Amino acid sequence: QVSQNELDWFHQDSETQGKKWQQEKKENRDNLKALRSTAKKHADTNERYLKTIDDKEKQYNVYLNTFLDTSNKFANEKVKLEELIKKSQDDCQECVKRAVTAE
């Protein structure tokens, strides 16, 4: 009878332990599900940010190229104007010389 009581205690203890493990298993499964959901949300957010960064980088490159083209055009125009100013100054000096000579 003592062995039967010990067997019953062992059986109760194992049932309690089994229920505890089942509860832990359920909690772990729920936690894993929540973590997977959170990971998916973060991955989706990361994808959106990467797409936004790519779009902004493309837009930046377009603006940069436009700026560089415009800057080059203005630099070329500046050189042309400086050459015209120099030529005009030379012509002016020539006219002053001719005026002095004419006087």
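Residues numbered from 1 in each chain as written. Predicted model: local features only at pLDDT ≥ 70, side-chain atom pairs only at ≥ 80, totals over all residues. Heavy atoms only, no water.

Taking an unreviewed UniProt entry as the reference, the chain is identified by name as TTC3 ligase belonging to Oxyruncus cristatus.

**Student:** Can you help me understand the overall build of the chain in this one?
**Tutor:** In terms of regular secondary structure, the chain is built from 1 helix and 0 strands. Against the compact-globule benchmark of 13 Å for 103 residues, the chain has a radius of gyration of 43 Å, which places it well outside the compact range. Expressed along its principal axes, the backbone C-alpha trace of the chain runs to roughly 150 × 20 × 10 Å. Here the chain holds 103 residues, and 0% of them are scored as buried. (Helix = DSSP H or I, 4+ residues; strand = E, 2+ residues; numbered from the N terminus. Rg over C-alpha atoms; globule rule 2.2 N^0.38 Å. Buried < 20%, exposed > 50% of the residue type's maximum accessible area, 1.4 Å probe, protein only.)

**Student:** Which parts of the structure should I look at to understand the pattern of salt bridges?
**Tutor:** All told, the structure shown has 5 salt bridges when counted by the stated rule. With its nearest N and O atoms 3.3 Å apart, the salt bridge here joins Asp44 to Lys40. Separated by 4 residues within a single helix, Asp44 and Lys40 lie in helix α1 (residues 2–102), roughly one turn from each other. Asp44 sits in the partly exposed class, given a relative accessible area of 35%. A salt bridge links Asp90 to Lys86; its shortest N-O distance comes to 3.5 Å. Residue Asp90 and its partner Lys86 are both found in helix α1; the two are separated by 4 residues, about one turn of the helix. Since its relative accessible area comes to 35%, Asp90 is described here as partly exposed. (Salt bridge = Lys/Arg side-chain N within 4 Å of Asp/Glu carboxyl O.)

**Student:** Is there a simple way to think about a nonpolar patch on the surface in this case?
**Tutor:** Side chains of Tyr49, Leu50 and Ile53 sit close together on the surface and give an oily, nonpolar patch of about 320 Å² of accessible area. Tracing the backbone shows Leu50 in helix α1. Owing to a relative accessible area of 41%, Leu50 belongs among the partly exposed residues under this scheme. (Patch = residues over 30% accessible without salt bridge, like charges linked within 9 Å, V, L, I, M, F, W, Y side chains within 5 Å. Areas by Shrake-Rupley, 256 points an atom, 1.4 Å probe, with all protein chains shown as cover.)

**Student:** Even after reading the chapter, I still don't get the UniProt feature "domain: TTC3/DZIP3-like helical" (unreviewed entry) in the chain, so can you show me in this structure?
**Tutor:** In the UniProt entry, the feature "domain: TTC3/DZIP3-like helical" (unreviewed entry) is given for residues 1–103. Strand forms 0% of residues 1–103 and helix 98%; the C-alpha atoms that close the span are 148 Å apart. (UniProt positions renumbered as here; feature names shortened; annotations may be inferred.)

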